[in-house]
Amino acid sequence: MSARLPLLLRQLRRPPPPAGPPSRLRVPRRASSGGGGGCGGGEGLLGQRRRRGTQAGCSHGPGSRAPPAWNLIVREVIQNSKEVLRLLQEKNPAFKPVLAIIQASDDNLMQEVNQNLAEEAGLNITHICLPPESGEDEIIDEILKINEDTRVHGLALQISENSFSNKVLNALKPEKDVDGVTDVNLGKLVRGDAHECFISPVARAVIELLEKSGVSLDGKKILVVGAHGSLEATLQCLFQRKGSMTMSSPWKTPQLQSKLQEADIVVLGSPKPEEVPLSWIQPETIVLNCSHDLLSGKLGSGSPGVPFSGPIAENDVSLLAAALRIQNMVSSGRRWLREQQYTRWRLHCLKLQPLSPVPSDIEISRAQTPKAVDVLAKEIGLLADEIEIYGKSKAKVCLSLLERLKDQADGKYVLVAGITPTPLGEGKSTVTIGLVQALTAHLNINSFACLRQPSQGPTFGVKGGAAGGGYAQVIPMEEFNLHLTGDIHAITAANNLLAAAIDARIFHENTQTDKKLGINKTDPSALTEEEMSRFVRLNIDPPTITWQRVLDTNDRFLRKITIGQASTEKGYSRQAQFDIAVASEIMAVLALTDSLKDMKERLGRMVVASDRNGQPITAEDLGVTGALTVLMKDAIKPNLMQTLEGTPVFVHAGPFANIAHGNSSVLADKIALKLVGKEGFVVTEAGFGADIGMEKFFNIKCRASGLVPNVVVLVATVRALKMHGGGPSVTAGVPLKKEYTEENIQLVADGCCNLQKQIQIAQLFGVPVVVALNVFKTDTRAEIDLVCELAKRAGAFDAVPCYHWSMGGKGSVDLAWAVREAASKRSRFQFLYDVQLPIVEKIRTIAQAVYGARDIELSPEAQSKIDLYTQQGFGNLPICMAKTHLSLSHQPDKKGVPRDFILPISDVRASIGAGFIYPLVGTMSTMPGLPTRPCFYDIDLDTETEQVQGLF
């Protein structure tokens, strides 16, 4: 043996030590297909070629173990992997990386190697066995399944050499490619980004064995023969970085003999053909045989024509490569865990070039090209399997993100509310979007806007879209306002299924006997006739039915209908009605739920009627809960969109703000609060004025979510304040009177009473208020300064004029600074009332403390309902007042701050699934009607470009 051969190589040649306790790292054995035992031309994977003519016996005889030095190297790798995994599991006890191996070959030898090493390191292995003759498409199908399986962190292929096409290899997700065979991983290696990629374990094993043997690679001539694909490329790259002169050659080349004789080190990438004699390799040349391809499962430790004496040890490079694959697996798991944690956004914001005069909303929206939604998702830290893409610019976000980021601190929580609305508009949505554009695009602070999805009714009716306006909008605005991802359609389908179930149940109970209805019971024959009747019959009392059908269109002629007039219904008709879809209790459930399980329970608890004994009938009683949940399983996921400046927006849920709480979903807020991180901001919007939307947000939504608000942004406009100060009425389509277009300090001063009252309402909850004055071009400096001054005197933390409509986020930077400063103060949030108070007292508290009423007056029907709900066990729910939004009182024409009024409660209803009681103040329509000239007159489609026109 040459003196050049390092100590380790000599140790590998020694006979095995005396028998002792068996090693845990068992090395599988198998008989060589070459007919003899094996030290000949292969002589183990790392070793010096025997001198020509030597026929000494193989040191790895039957039953022998791997030599101690070899055992030490493998154990060192495995022990290191085990220790790294232990440290990872200290912080993540449930974490255990999983390696998937897809096998399409008859060779099971390496499966045992992988299993033993994985067991030693603490990993799990899942083994997918395919028939050896499996084609490319079958293998790719399995790869794609593993790619999408979040439980699997690494994927290796044990397939025939013929199956290694580029199509197969590049089907692997690079982040799961622990064998480093994909173009992405190879490209990163060649580019010098080895720390960001996986490197072939076989190639690493070759380098590791040489270096641990003391072989200096600098200046060595290395010949890689018979290797191909990723192994060849990786070996060449790694050797060259060690300073070696590397050549590659196929076995069949005329210059092979001269190349072999010149090489200091020969690496065999595939079995030596019989026609290549061993004499071509110089006696002093170091030969490493890595032709046992762990991927292909082929053992190449011998060569045709070389005698073998019996069973041989698995070749050394392959076994070390198996250990290094385990090391790659642990690295993959570590990367996966790191990706699960919150990371600071690397958001590429879109540039704005505001025009003057400001174009229409849809023109502005169409002039900006949104980022692809998957790009936006990646920028804000969402993983590929956490989004479901709908087209190019919107996606649903999976609720699994909440579990992944459960230990991440929440950001700051900001609510945008407003003064009492007027026909002149205040612009809460526009302020919300302008604020997040300022925070993210101009102050580099992570922020999320969480908005309601608009109903199709107002879009085609009187109000138009709700995507914001000017240079502060959600884009594409036509997609925002039309259908989005179908959530409202899902609610419509679920709502009407439940309505159909109610009438079908009444019909069948009225027309069939108890026995014909059937009994789902273990022993129905044991039931008496009375028990049978009680079991199968709900005995719904038709006049008590509160569940209505819905449609997302303003259709006044559906406000009162008669159903059941066909002869097939056998005379069982009744009066009913349609509501607008967003008025469905299912929409309120969607907005308040915090999980799929919670949503299912809430849907089941929805009370739809009473039986003839006065007991509540629920969706669960009708057996429809599961079906409702199925229809809502996708709607529960928030919808991701973006602002004009490329900052993220969640659009999710839009409960009717008159009879429901009028806020976007709890789930969107919770997910956004995790994504923005501790220093970030989530800005969401309340419906109508602060007296309705904000009060419901705090007393209902915050109770359901457990989230604590940090700041209220109260939106006002000079024009709206003038109306509250006694300005003339406004008629749609008629030019504004001069009071609104010219300076009028007195009207502004008089109207600020409403702003001051709304500030005081927010202070009841202990939340600091920042007033955002949404500036119009007709506002004068004196009017703006007056509003800001009076707001601060009323107790606002700050008051800031905003110009986002004409300038985008840049126009709300001052507001962003004010909100940030206010949010730094300690929150003293408190609820207005204790839910354990009687229903009447909770109603009275809201009427007096929030609206300023002297007292309340209950109609006999309202008092009867209160008594019923209390008796049924629903008395401890929060209150959701159904009142006009146009005044603090119950009279829409009473602007400013009405005083000394009695608030009449005409009726009281319950949304038990959503979780609130809603008193009706006066008459409350749940189905809007179309105006004389609806918005749909202006909406059209360009049939050549397919662009929507006239939407605003």
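A quick note: this is a predicted structure, and the numbers were derived from the prediction, not measured.

(A) The arrangement of empty space enclosed by the protein in detail. In this structure the tally under the stated criterion is 9 cavities of 30 Å³ or more. In this structure, the second largest cavity spans a volume of roughly 60 Å³. Contributing to the lining of the second largest cavity are Gln453, Pro454, Gln456, Phe480, Asn481, Leu482, His483, Leu484, Ile488, His489 and Asp552.

(B) Spotlight on the packing of aromatic side chains. All told, the structure shown has 10 aromatic pairs when counted by the stated rule. Seen in terms of ring centroids, Phe507 and Tyr572 are 6.4 Å apart; in terms of plane orientation they differ by 85°. Their pairing is edge-to-face. In this pair, Phe507 is assigned in helix α17 (residues 487-511) and Tyr572 in the loop between β18 (561-563) and β19 (574-576), connecting sequence segments 65 residues apart. Overall, Phe507 belongs to the buried group, its relative accessible area being 18%. Three or more aromatic residues joined by ring pairs make a cluster, and in this case those are Tyr413, Phe697, Phe698, Phe765, Phe829 and Phe831. Against the face of Phe776 rests Arg719, its NZ or CZ located 3.9 Å from the ring centre.

(C) Main features of the layout of surface pockets. Looking at the second largest pocket, its volume works out to about 1400 Å³. Glu175, Arg335, Glu339, Lys378 and Leu383 are, among the 38 residues lining the second largest pocket, the residues nearest its centre. Elements supplying a minimum of two residues to the lining of the second largest pocket: α6 (183-191), α10 (316-340) and α12 (373-379). Here the element with the most residues in the lining of the second largest pocket is α10; it accounts for 6 residues.

(D) Structural context of a negative patch on the surface. Taken together, the side chains of Asp106, Glu133, Glu138 and Asp141 make up a negatively charged region of the molecular surface. As for its position among the elements, Asp141 is in helix α4 (residues 136-147).

(E) Representation of the sheet that holds strand β3 (residues 98-104). Pairing in this open sheet of 3 strands is parallel, and the strands run β4-β3-β5 from one edge to the other. Of all the strands in the sheet, the pair left with one neighbour each is β4 (124-129) and β5 (154-159). Averaged over neighbouring strand pairs, the angle between their axes works out to 20° when direction is ignored. Two strands pair when backbone bridges link them, and β3 and β4 are joined in this way by 6 bridges, in the parallel orientation. In the sheet register, Ile102 faces β4, and the bridge partner there is Ile128. Contacts from helix α3 (residues 109-121) reach β3, β4 and β5 within the one sheet, and its direction differs from that of β4 by about 160°.

(F) Seen up close, the environment of Asp785. Examined against the element boundaries, Asp785 turns out to sit in helix α28 (residues 781-793). Note: C-alpha distance between Asp785 and Pro801 (16 residues apart in sequence) is 8.6 Å.

(G) Expanded view of the confidence of the model for the chain. Per-residue confidence for the chain gives a mean pLDDT of 85; residues scoring 70 or more make up 87%. For the stretch residues 1-68, pLDDT sits under 50, and the model shows 147 contacts to residues farther than four places along the chain or on other chains.

(H) Examining the pairing of strand β30 (residues 902-905) more closely. Along β30, the buried face is formed by Leu903 and Ile905; none of Ile902 and Pro904, which line the opposite face, is buried. Of the pairings in the sheet, the one linking strand β29 (residues 855-858) to β30 comprises 4 bridges and is parallel in character. Across the sheet, residue Leu858 finds its bridge partner in β30, namely Ile905.

(I) Just helix α32 (residues 860-871), in detail. The terminal C-alpha atoms of α32 lie 16 Å apart, and with 12 residues this matches the ideal 16 Å at 1.5 Å per residue to within 8%. Among the residues making up α32, those that are buried are Ala862, Lys865, Ile866 and Tyr869. Along the long axis of α32, the arc covered by the buried residues comes to 105°, so they all point the same way. Those residues of α32 that are buried are in contact with α31 (839-851), β29, β30, β31 (907-911) and β32 (916-920).

(J) Structural detail: the environment of Gly852. Relative to the assigned elements, Gly852 resides in the loop between α31 and β29. Overall, the relative accessible area of 27% leaves Gly852 in the partly exposed class. Considered as a pair, Gly852 and Arg899 are 47 residues apart in the sequence and their alpha carbons are 6.3 Å apart. Apart from the residues within four sequence positions on either side, Gly852 is in contact with Lys757, Ala847, Asp900 and Phe901.

(K) Representation of the packing of α31 against α32 in the model. Where α31 contacts α32, the two axes come as close as 10 Å, and the packing angle between them is 125°. The angle between α31 and α32 falls in the class oblique. Residues Ile839, Val840 and Ile843 of α31 form the contact with α32, whose participating residues are Ile866, Tyr869 and Thr870.

(L) Geometry of the pattern of salt bridges. A full pass over the atoms with the stated rule returns 41 salt bridges. Close ionic contact of Lys396 with Asp487 constitutes a salt bridge, the shortest N to O distance being 2.9 Å. Residue Lys396 is found in strand β12 (residues 394-397), and its partner Asp487 is found in helix α17; the two are separated by 91 residues along the sequence. Of the two residues, Lys396 and Asp487, neither departs from the other in class, the shared state being buried.

What counts and how
- Residues numbered from 1 in each chain as written.
- Predicted model: local features only at pLDDT ≥ 70, side-chain atom pairs only at ≥ 80, totals over all residues.
- Heavy atoms only, no water.
- 1 Å grid on protein atoms, 1.4 Å probe; cavity = no way out; pocket = protein on both sides within 12 Å on 5 of 7 lines; lining within 4 Å.
- Points joined across faces, edges and corners; volume = space filled by probe spheres on them.
- Phe/Tyr/Trp six-rings, centres within 6.5 Å; stacked < 30°, edge-to-face > 60°.
- Helix = DSSP H or I, 4+ residues; strand = E, 2+ residues; numbered from the N terminus.
- Buried < 20%, exposed > 50% of the residue type's maximum accessible area, 1.4 Å probe, protein only.
- Lys NZ or Arg CZ within 6 Å of the ring centre and 35° of its normal.
- Patch = residues over 30% accessible without salt bridge, like charges linked within 9 Å, V, L, I, M, F, W, Y side chains within 5 Å.
- Areas by Shrake-Rupley, 256 points an atom, 1.4 Å probe, with all protein chains shown as cover.
- Salt bridge = Lys/Arg side-chain N within 4 Å of Asp/Glu carboxyl O.
- Lys, Arg positive; Asp, Glu negative; His and termini not counted.
- Charge placed at Lys NZ, Arg CZ, Asp CG, Glu CD.
- Pairing = 2+ DSSP bridges.
- Axes fitted to C-alpha atoms, helices over the stretch in contact; angles between N-to-C directions.
- Contact = heavy atoms within 4.5 Å.
- pLDDT = per-residue confidence, 0-100.
- Expected span 1.5 Å × (residues − 1).
- Arc of directions from axis to C-beta.
- Parallel < 35°, antiparallel > 145°, perpendicular 65-115°, else oblique.

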